[in-house]
Amino acid sequence: GRGGAFASLCVWAAVEVVAWRALVRAVATIIAGAGALAGEEDRHTLDVLMSQPIARWRVAAEKFAAMAVAVLVVTLIAALLFAVGLATVGLEFDWGRALLATFNAVPVALAMGAIALCGSALLPTRGLAGAMAGVILAVSFFLNSFGRVIDGLRGARQLSLLYYYDSSKPLLGRINWGDIALLLVVAGVFWLAAMWAFERRDLRVG
């Protein structure tokens, strides 16, 4: 509805491709984070793992680090496929912006993964941990979506993690480094909270 803006490849890709990346990756990291600790407890393998001479905080820290590496690897693959697709259609494109747009989804995915990991350290089952993080993601999605079109919810958009993802539009030449940093801080805070909670958790066995 903006008078032919979709004639621009950048605008089309920003709306139809890039806008959904954060949501898809956030769902993936929620699944991984929720299963990182509580999932092993459900499978009765966590007590075996913790019988090894390794600190609890280190287990939680390395679970998140492994998830972060996986997100970065998947994002790199997505960036390469995006580049191949653009090259295939033969249209001129700013490769730097395309790369930034692909990696722009990483901070919000890490934030949601850290929230799920924290839930996994606090709650007794993978389902509960995933549901907690899923509710936060769903609320973020609806606040951000409806806040664009409903004046009464416009201010509430700032409570949504996806709002801070949407604030940066690398394909259109706009990057909000402050909001990216905020998402990384959220990820770091919940990562630390997960380590703290797991240190004090009573594990189910048998």
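Fair warning: this is a prediction, and the values are worked out from it, not measured in the lab.

Basis of the calculations
Residues numbered from 1 in each chain as written. Predicted model: local features only at pLDDT ≥ 70, side-chain atom pairs only at ≥ 80, totals over all residues. Heavy atoms only, no water. Helix = DSSP H or I, 4+ residues; strand = E, 2+ residues; numbered from the N terminus. Buried < 20%, exposed > 50% of the residue type's maximum accessible area, 1.4 Å probe, protein only. Areas by Shrake-Rupley, 256 points an atom, 1.4 Å probe, with all protein chains shown as cover. Contact = heavy atoms within 4.5 Å. Phe/Tyr/Trp six-rings, centres within 6.5 Å; stacked < 30°, edge-to-face > 60°. Core = buried A, V, L, I, M, F, W, Y, C linked by side-chain atoms within 4.5 Å. Axes fitted to C-alpha atoms, helices over the stretch in contact; angles between N-to-C directions. Parallel < 35°, antiparallel > 145°, perpendicular 65-115°, else oblique. Left-handed = near helix turned anticlockwise from the far one by under 90°. Nonpolar A, V, L, I, M, F, W, Y, C, P; charged D, E, K, R; others polar. Expected span 1.5 Å × (residues − 1).

A.B. asks: Hey, could you run me through the overall build of the protein chain in this one?
C.D. replies: Counting its secondary structure elements, the protein chain contains eight helices and zero strands. Along the chain direction, N to C, the helices and strands of the protein chain fall in the order α-α-α-α-α-α-α-α. Here the protein chain, with 206 residues, has 40% of them falling under the buried criterion. Of the accessible surface of the protein chain, which amounts to about 10,700 Å², a share of 70% is contributed by carbon and sulfur atoms.

A.B. asks: When you look at the side chain of Thr 75 in this model, what are you seeing that I'm missing?
C.D. replies: In this fold, Thr 75 is placed in helix 3 (residues 56-89). Owing to a relative accessible area of 0%, Thr 75 belongs among the buried residues under this scheme. When residues no more than four places from it in sequence are discounted, the contact partners of Thr 75 are Arg 25, Thr 102, Phe 103 and Val 106.

A.B. asks: Before we go on, may I ask you to explain the packing of aromatic side chains in this structure?
C.D. replies: Aromatic ring pairs are described here by two measures, namely the spacing of the ring centres and the angle between the planes. Counted by the stated rule, this structure contains four aromatic pairs. Note on Phe 64 and Trp 191: the rings are 4.6 Å apart at their centroids and 35° apart in plane angle, and the pair reads as tilted. Remark: Trp 191 occurs in helix 8 (residues 177-199) and Phe 64 occurs in helix 3; sequence separation between them is 127 residues. The exposure class of Trp 191 is partly exposed, given its relative accessible area of 27%. Taking 5.4 Å as the distance between ring centres and 75° as the angle between the ring planes, the aromatic pair formed by Phe 141 and Phe 142 counts as edge-to-face.

A.B. asks: I'm lost on the nonpolar core in this one. Help?
C.D. replies: In terms of nonpolar packing, the biggest core is built from 41 residues, with Leu 37, Met 112, Leu 161 and Phe 198 touching the most fellow members. At the level of secondary structure, the elements contributing two or more residues to this core comprise helix 1 (9-42), helix 2 (46-50), helix 3, helix 5 (106-122), helix 6 (126-147), helix 7 (161-166) and helix 8. In contact with Phe 198, other than residues within four places in its own chain, are Leu 37, Leu 46, Met 50, Arg 56, Val 59, Ala 60, Ala 121 and Leu 203.

A.B. asks: Could you clarify how one ought to interpret the packing of helix 3 against helix 5 in this entry?
C.D. replies: The geometry of a pair of packed helices is captured by two quantities: the angle between their axes and the separation between those axes. Viewed as axis vectors pointing N to C, helix 3 and helix 5 meet at an angle of 150°, and their least axial separation amounts to 10 Å. Classified by the interaxial angle, the pair formed by helix 3 and helix 5 is roughly antiparallel. For helix 3 against helix 5, the interelement crossing comes out right-handed. Between helix 3, through Ala 60, Lys 63, Phe 64, Met 67, Ala 68, Val 71, Leu 72 and Thr 75, and helix 5, the contact on the second element is made entirely by Val 106, Ala 109, Leu 110, Gly 113, Ala 114 and Leu 117. Classifying every residue of the contact of helix 3 with helix 5 gives 11 nonpolar, two polar and one charged.

A.B. asks: It is not clear to me how the environment of Ala 34 should be interpreted in this structure. Could you clarify?
C.D. replies: Here Ala 34 shows up in helix 1. Look at Ala 34 and you get buried, because its relative accessible area is 3%. It is 8.2 Å that separates the C-alpha atoms of Ala 34 and Cys 118, two residues lying 84 residues apart in sequence. Look past the residues within four positions of Ala 34 in its chain and what remains in contact with it is Gly 39, Ala 116, Ser 120, Arg 126, Ala 129 and Gly 130.

A.B. asks: How should the environment of Arg 97 be read in this particular structure?
C.D. replies: For Arg 97, the position within the fold is in helix 4 (residues 95-103). The class of Arg 97 is partly exposed, set by a relative accessible area of 33%. Along the backbone, Arg 97 and Lys 169 are 72 residues apart, and their C-alpha atoms lie at a distance of 9.0 Å.

A.B. asks: Can you help me understand the packing of helix 5 against helix 8 in this one?
C.D. replies: As a packed pair, helix 5 and helix 8 sit with axes 8 Å apart at the nearest point and diverge in direction by 15°. Judged by the angle between their axes, helix 5 and helix 8 are roughly parallel. For the pair helix 5 and helix 8, the crossing hand works out as left-handed. Together, Pro 107, Val 108, Leu 110, Ala 111, Ala 114, Ile 115, Leu 117, Cys 118, Ala 121 and Leu 122 of helix 5 and Ile 180, Leu 183, Leu 184, Val 186, Ala 187, Phe 190, Trp 191, Ala 193, Ala 194, Ala 197 and Phe 198 of helix 8 make up the contact between the two elements.

A.B. asks: How do you make sense of helix 3 when you look at a structure like this?
C.D. replies: Because an α-helix completes one turn every 3.6 residues, residues spaced three or four positions apart along the sequence face the same direction. Counted at 1.5 Å a residue, the expected span for helix 3 with its 34 residues is 50 Å, and the 50 Å between its end C-alpha atoms agrees. Looking only at helix 3, the buried set comprises Val 59, Ala 60, Ala 61, Phe 64, Met 67, Ala 68, Val 71, Thr 75, Ala 78, Ala 79, Phe 82 and Leu 86.

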